[in-house]
Structures are given as structure tokens and as C-alpha cells.
Amino acid sequence: MKRRIKHVTVLGSGIMGSGIAAHFANIGVEVLLLDIVPFELTDAEQKKKLTKEDKAVRNRIASENFAKLKKASPALLYTSKFADRISIGNFDDDLPTIKNTDWIIEVVVERLDIKKQVYEKIEQFRTPGTLVTSNTSGIPINMLVEGRSEDFKKHFAGTHFFNPVRYLPLLEVIPTKDTDPEIAQFYMDYGAKLLGKTTVLAKDTPAFIANRIGVFSMMNLLHEVKELGLSVTDIDKLTGPVIGRPKSATFRTADVVGLDTLVMVAKGVHGSGVEANNFNNVFELPDYIQKMVDNKWLGSKTEQGFYKKIKNAEGKSEIHGLNLDTMEYELQGKSSFPTLELTKNIDKPIDRFKVLIGGKDKAGALYRKSLGALFAYVSHKVPEISDEVYKIDDAMRAGFGWENGPFEIWDAIGIQKGIELAKDAGYEVSDWVKNVESFYKVNERGHRIFFDQTKTEYADIPGQDSFIILDNIRKDKTLWNNSESAIQYLGDGIINFEIRSKMNSMGGGVLDGLNRAIDLAEKEYDGLVVGNQGSNFSVGANLAMILMMAIDQDWDDLNMAIGYFQKSMMRVRYSSIPVVVAPFGMTLGGGCEMTMHADRVVAAAETYIGLVETGVGVIPGGGGTKEMTLRTSREFEKDDVKTNRLRDAFMNIAMGKVATSAYEAYDMGILEQHKDIVVVDKNRQIAEAKKVAKLLAEQGYTQPIEQKVTVLGKDALGMFYVGTDQMLAGNYISEHDKKIADKLGYVMVGGNLSEPTLVSEQYLLNLERETFLSLTGERKTLERIQYMLQKGKPLRN
């Protein structure tokens, strides 16, 4: 039977329940969010003469949490409009409506007795065949369904989302012994294809997969920090981005998640009796952790944990770290280790591990001990928590934000070296590892295969036909490359242009590659995809190049460089083959301009896109100003107040506004509803973009004809000048900001024209380039660019 999920009921409106509700709303599902009826009236309710029977009182808990959902930062919803897809209620009054729902997700307090009471009520109203899952993070799934009906058990499983639900892609699916295998597969497929999750089929073992491995790794570090004489900030320096982990690293992560949560999982595993003694000891709480729990130093929720914000003698806020010996907070100095210096020129974290474990300082010792323990531990968790190594790696990447999973890191170091590290750390790896050549390989089809210890042979990782992984095809399918970009053949007549520069910034090497890709596609292929699988699509123009030319006052070369950028973007728009751009993550400045010039866009839902050039003192100069003006002019016939649409576009550029999702980019006019599409699962993005390019080619793609643009002239410019004058008078912007905004407005109205006029795109591009050049010569602009480069920040306002 084909299941269609049109309506979901979420039971429990707390942080996790709200996050789950929001994400289902994000993908177009109608959601009912329920919570308990309050036990008592608040003072405010009493003053309003409300009673416990009033709907506002009975729905208060769900209502307050729904309000928090709508105001959450970072946003839980792709766009605020999606809140309309969520309605609220309470268990007592609204639970009978679940007879009409497609999927019931329980997210109530982590107590077995309470969950069982909820399931008893669900059984009273649930229609047979309705899906039921629990978001429990630790209660054994099989215990939850004891005493339930056969149909309930058949459709029940654990669906463990990670917080924040929108941003952490892991979804662990945990079937019971009674779950229908087809239902379990439905949860896996729905989570991946519609919710955009990395779905991992987990066994019903303590803490499942990600928390089991992640908490072991963190607990191991909590023990080692004192043994090695390291500080809280030392550990966070060593276990963050340098090894491909989040900036919050270890102790800041504990503060954000809550020390009580970490302790709950550790105690749960420690008390479960499933661990061997040498591993179980790791889950024991160090004395200082117990003291922190007793003192309620739990992290952000109690405003102090491993870190605390403190006012200094001058009244300024400082972040102090906890001295684990004295248990006092103190300002901690910058951590510095010679071992880290050795990795500065190694771009990929996965390539740094061989160097890091060879360090002669405390950093090297930490890496050797922690990785040795981790390797031994994960080797023994196969097959206990997972039969396949790739599931463990998937879970750690998607749930804890690790760039590489433990088995991938082990491969990078070498199997035998990892075994030695484990032994030196006091552990033995599982026997199945000792004859493994590597955990992963890439086969002749460009598919990643893994060592299946149950069969002692290599096997395909399932589902790869839905993906195109550039790392897997790069060796055999690269047609051309330079230091900043590459072209690969994707198959079926479609090639891919990949940006590979630092932070995927767009300089001469990228533009050369882009033009070469279009030339090649026009001569020998059917279509072009522009996509990569880095951390972000592109942070914009190469600021260092612009700064160097401006300082040298090399205006002719800078003019040529800007012109080359513009021509390259126009080639994206007006080539003889379809060009499909696949943005994701930060897509700023030039990355946004390239996206806006594509025939079609296949955007990841998590695309943060905008024209942000005003942040460094210039206007969009690669066709962005022209393109927003063109798009606005198309709407003039639909709107009697033409200047309103132009003003909105002007404000978005002038304020450097960045869309917080691809759906918000629709609202801003950066993406267009009639042609551009959004995919929730970024892993499927390039494969989807390839399909779109192929379809356009098969339908008989014709090279577009350049368009004319209606510009409004001096009258509209006067409106902009009045607005910027008022903002300056109100101290909302500086004199330099006003100058930038005024020049932006000058371009968008078509310059010094006395009346609305039809002009060419090239006319606007010339104005755009001249204005960009004039602003680049401003001292304040150069100062802003220098500041951005010194801070290593992307081009954004």
C-alpha cells in the first residue's frame, strides 16, 4: 500500500516536539501539536477572570511552546508562513481527533510509566493502520509497546530525531521485534526522501548509535583532560574544527546540550550492564562532573557550566572557563600547541590525523589516547549496535556534526596504526578488524563499498543510486581541472562544474573554469550542472584580488576583472545548453549572482543566499544589481505602485539581507517559483540537478534571447534619496552607507533618465560596473575589505 502522509499529530510540545512539528510543516504536512492541560491558573489568567475550562487556559502549554517555535533563533521553520500549517490543542480535548491522522509521534517526558499511559489513550482513538512512533532517546523501544495491541505493535517504532530538528540531519529508526519490516522501511524512506534526513536503522540497544558513540567519546575526554593536565579551552581547541568537529567542540557542546543530558545518557549506559568493564569505566562520572551536577552548573540553561559569562572590573562581559582543579572560573589564555602548527597547510581535516597522532606535545598524546580508545570501542560495537560500519559513521556525521566518522578516520590513519593506538591506550580491538585491509573502498562504478564483517567481504552501501558523490567519481570522471575548479562527467550527456577554491570564493581560476565548462558543454555535451559538495556553495568574490588591484590603483585591470565576471554570468544565462545551478549553505555575493543567472536552480532547503556586497562597501557587480532590477521590472504590470516592488528589491540589497532558507529566497525574488525547485536532502541535490538539466535538453532547449528592462528614472531615484536621508538622520546608517545606497539606487532606476525607459541588460551592467569601480576607490571600502580578510570572514553584511 502506498502511504501518503498528509497529517501528523505530535504529542508533546516541548523543544523536541516543537522542532519535529516545525520540520513536518516545512515539508508541507499539516500538523496538530498537543500537550497536557495545565494543573493551575496563572496570575495573568486569574486577572482575566479565566477558568480552567477556557480553551486559552487548556491549550496554554501548547500555545506558549508554539509561540516559542515561531520566534526560535535559529529559525525552526523555513519561512514564517509555514506556521499556518500547525494547529494546537491539548490531550484531554483533542486526542480523539487522532482517528483522522496519518502518523502519531510521541514526544512526552522520558518516563516509561507516563509514555505507557499515553499509549493507552492513543489505543482508544487510533484508527488501525495509523503509524505510531516515539522520539525517546534512551528507553528501550521494546518495553514501550508491552501490553499494546498487535496492530499497534506492527506499526510502532522509535524515530529518534536530534535537536535542533531542522539543522541536525540524523534520524535513527529503531524497530521492535514486532514492527512490520515494510513499516520500518517506510520510516527509513520517508525520513530520507521527504524529511531530508540521514536515516540510520538502529538496534534497540542503550542510547542507540549516535549517543552511544558520541557520549563515549565525550566521557573519555572528560577523564583524559585532567590526566593530561589540559584545560577546558585546550580540549575545545583540540577537538573542534581542526579535526572536523563543530566549533562547540567538547565542553561548549556539553554546555549547549546540558550537562544533565550528558550525565543521563552516561548513567543509562553505565547502569545497563552491557559494557565490558574497561569500557564501562569510561561511563563513570568523574568527581568534578558530579560536583557540577550537584551545584546545578549544567551549562547554558543554568547560565554556567564549563563556561560562564562574567563581568570584569570595567563592566565588560568575558567568557571564563572552569578550572577543573580548583573548580573556580577564570579567564583562560589562548591555547597553543606545536602539533596544530604542523597541520596549518592541510586543508581537509581527514588528512590531518596522520600528523596529529605524531605530535610530541600534549596535543599529540591526547589524539593518540582518545582515538585509540574510540577505535577499540567502535570495533566492539559492531555488531552489538549495528551490523554495518557505515551506519555508525553516518550517525556520527549527521547527529554530532563530525566531518568524518570513526571508521573513516581509522582508514585515514591506517588499520594497523589504529590497532597500535588502541593497544597503547590500554584496549584491544575486536578480532574481526585484524584482517581488514580497509573499511571502505570505491568500486569501478564509483560507488562506495564497505567491509561487511557478517560476510567478511565488501558490499555496496545501499541507496547510492539516488546520489552522486563527487569524491567517488573524481578519479575516473574528471575532464579538466585547475587549482580552483574542476569539470566532471556525470553521465547521460551532462557535465558538472565544481568550485574548489578556498571557501569556494570566486576568482579568476573559477571564472576560467566556468567558461571552459560552458565551452565544453556547448561543443560535446547536452547540459551543465554547477554544483559542489564542500561546506558551502560559495562565499562570493575573491576579496584579496579586489583589494590588491584597488590598493595598486590598477583600475583598468579591475574594470576588466569585473567585466569578465559579468560576461561569465551572462554566459550562464545565454549559453546554448541548459545550465542548472545547485546552491546550498552560504551562497553569497557572486555565488548568489551565478544562481540567479541559471536556467534552473535546484536549491538545498538549507541555502543561505543573498547579495551582500554592501557589507564591504560596494554594490553587487557581477550582474546581481542588474538581475534584481530586471526581475522587478517584470512585476511592474501587476502592480500599480511600481516603486513598491523596486523599493523592496533595493532594501534587500542595501541591507545585505540573506535568506535563511531556500523558501525565504522565493519571497525575496532570488529564487523563482515558476522554475526553481528545492530539495530537502542535500545529498540528492547534484543527482536531481542532473535530472533537470537532462530533461531541459530532451525537451529541446533553445538559447534564450537577451531581455529588455524597464527602468523608472529620476522620479524613483528621488524616493530612494528621501529614504536614505531619513535613515541617516535617524542614525540607522553612516554617511558611507548612504553613499553606497544612493549609488545602488542610481543603478536600479537606470541612471540619469528623465522618465521610465526600456534599456538593455548591458546598459545596466555598464552602470553596475562603473558604480562598483567608483566605490572600490573609497578609503572606507578598502578598510572594510581589509577587515573582512583579516578576520577570515565571508563576504556578508
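Bear in mind that the values here come from a model prediction, so they are computed numbers and not experimental data. (Residues numbered from 1 in each chain as written. Predicted model: local features only at pLDDT ≥ 70, side-chain atom pairs only at ≥ 80, totals over all residues. Heavy atoms only, no water.)

A.B. asks: I tried to follow the pattern of salt bridges on my own but got confused; where do I start?
C.D. replies: Pairs can form between side chains of opposite charge whenever their charged atoms are close. Going through the model one piece at a time under the given rule, you end up with 56 salt bridges. With its nearest N and O atoms 3.0 Å apart, the salt bridge here joins Glu-522 to Arg-571. You can see Glu-522 sitting in helix H23 (residues 508–524) and its partner Arg-571 sitting in helix H25 (residues 555–573), a full 49 residues away along the chain. Note on Glu-522: relative accessible area 30%, which makes it partly exposed. Its relative accessible area of 23% is what places Arg-571 among the partly exposed residues. The network of salt bridges with common partners includes Arg-573, Lys-626, Glu-627, Arg-631, Arg-634, Glu-672, Lys-675, Asp-676 and Glu-761. (Salt bridge = Lys/Arg side-chain N within 4 Å of Asp/Glu carboxyl O. Helix = DSSP H or I, 4+ residues; strand = E, 2+ residues; numbered from the N terminus. Buried < 20%, exposed > 50% of the residue type's maximum accessible area, 1.4 Å probe, protein only.)

A.B. asks: Please clarify how helix H4 (residues 60–71) should be interpreted in this entry.
C.D. replies: Since there are 3.6 residues in each turn of an α-helix, residues three or four apart along the chain are aligned in direction. In this model, H4 (twelve residues) spans 17 Å end to end at C-alpha, consistent with the 16 Å of a helix rising 1.5 Å per residue. All buried positions along H4 are accounted for by Arg-60, Ala-62, Asn-65, Phe-66 and Leu-69. Packed against the buried residues of H4 are helix H1 (15–26), strand S2 (30–35), helix H2 (43–47), helix H3 (55–58) and strand S3 (86–90). (Expected span 1.5 Å × (residues − 1). Contact = heavy atoms within 4.5 Å.)

A.B. asks: Would you mind going over the side chain of Lys-381 with me for this structure?
C.D. replies: Here Lys-381 lies in helix H18 (residues 362–381). Overall, the relative accessible area of 3% leaves Lys-381 in the buried class. If we ignore the near neighbours within four places in the chain, the residues touching Lys-381 are Arg-212, Ile-213, Glu-275, Ser-386 and Ile-392.

A.B. asks: Even after reading the chapter, I still don't get the sheet that holds strand S10 (residues 317–323), so can you show me in this structure?
C.D. replies: The pairing of strands in a sheet comes from backbone hydrogen bonds and takes either a parallel or an antiparallel form. Spatially, S9-S10-S11 is the arrangement adopted by the three strands of the open sheet, whose pairing is antiparallel. Two strands bound the open sheet, and with one partner strand each, they are strand S9 (307–311) and strand S11 (328–330). Taking each pair of neighbouring strands and ignoring which way they run, the sheet shows an average axis angle of 45°. Taken together, the three bridges between S10 and S11 define a ladder with antiparallel strand orientation. Looking at S11, one finds that Gly-321 is bridged to Glu-330. (Pairing = 2+ DSSP bridges. Axes fitted to C-alpha atoms, helices over the stretch in contact; angles between N-to-C directions.)

A.B. asks: Which parts of the structure should I look at to understand the packing of helix H10 (residues 210–227) against H18?
C.D. replies: What describes two packed helices is the angle between their axes and the distance between those same axes. Direction vectors running N to C along H10 and H18 enclose 150°, while the axes themselves pass 10 Å from each other. By the angle between their axes, H10 is roughly antiparallel relative to H18. Crossing hand, H10 versus H18: right-handed. Of the residues in H18, those touching H10 at Arg-212, Ile-213, Phe-216, Asn-220, Leu-221, Glu-224 and Glu-227 are Leu-366, Lys-369, Ser-370, Ala-373, Leu-374, Tyr-377, Val-378 and Lys-381. In terms of residue class, the contact of H10 with H18 is made up of eight nonpolar, two polar and five charged. (Parallel < 35°, antiparallel > 145°, perpendicular 65-115°, else oblique. Left-handed = near helix turned anticlockwise from the far one by under 90°. Nonpolar A, V, L, I, M, F, W, Y, C, P; charged D, E, K, R; others polar.)

A.B. asks: Looking at this structure, I do not really get the packing of aromatic side chains. What am I missing?
C.D. replies: Pairs of aromatic rings are described using the distance from one ring centre to the other and the angle between the two planes. The tally for this structure, following the rule as stated, stands at 32 aromatic pairs. Ring geometry for Phe-279 against Tyr-427: centres 5.2 Å apart, planes inclined by 10°, an arrangement best described as stacked. Here Tyr-427 lies in the loop between helix H21 (415–424) and strand S12 (440–442) and Phe-279 lies in helix H14 (residues 277–280), a separation of 148 residues in the sequence. As far as burial versus exposure is concerned, Phe-279 and Tyr-427 are alike and both buried. Plain terms: the ring middles of Phe-451 and Tyr-458 are 5.5 Å apart, the flat faces sit at 75° to each other, and that makes the pair edge-to-face. Using a relative accessible area of 11% as the deciding quantity, one classes Phe-451 as buried. When its relative accessible area of 26% is taken as the criterion, Tyr-458 is described as partly exposed. Every member of this aromatic cluster is reached through a ring pair, and the members are Phe-375, Phe-407, Trp-410, Trp-432, Phe-439, Phe-451 and Tyr-458. (Phe/Tyr/Trp six-rings, centres within 6.5 Å; stacked < 30°, edge-to-face > 60°.)

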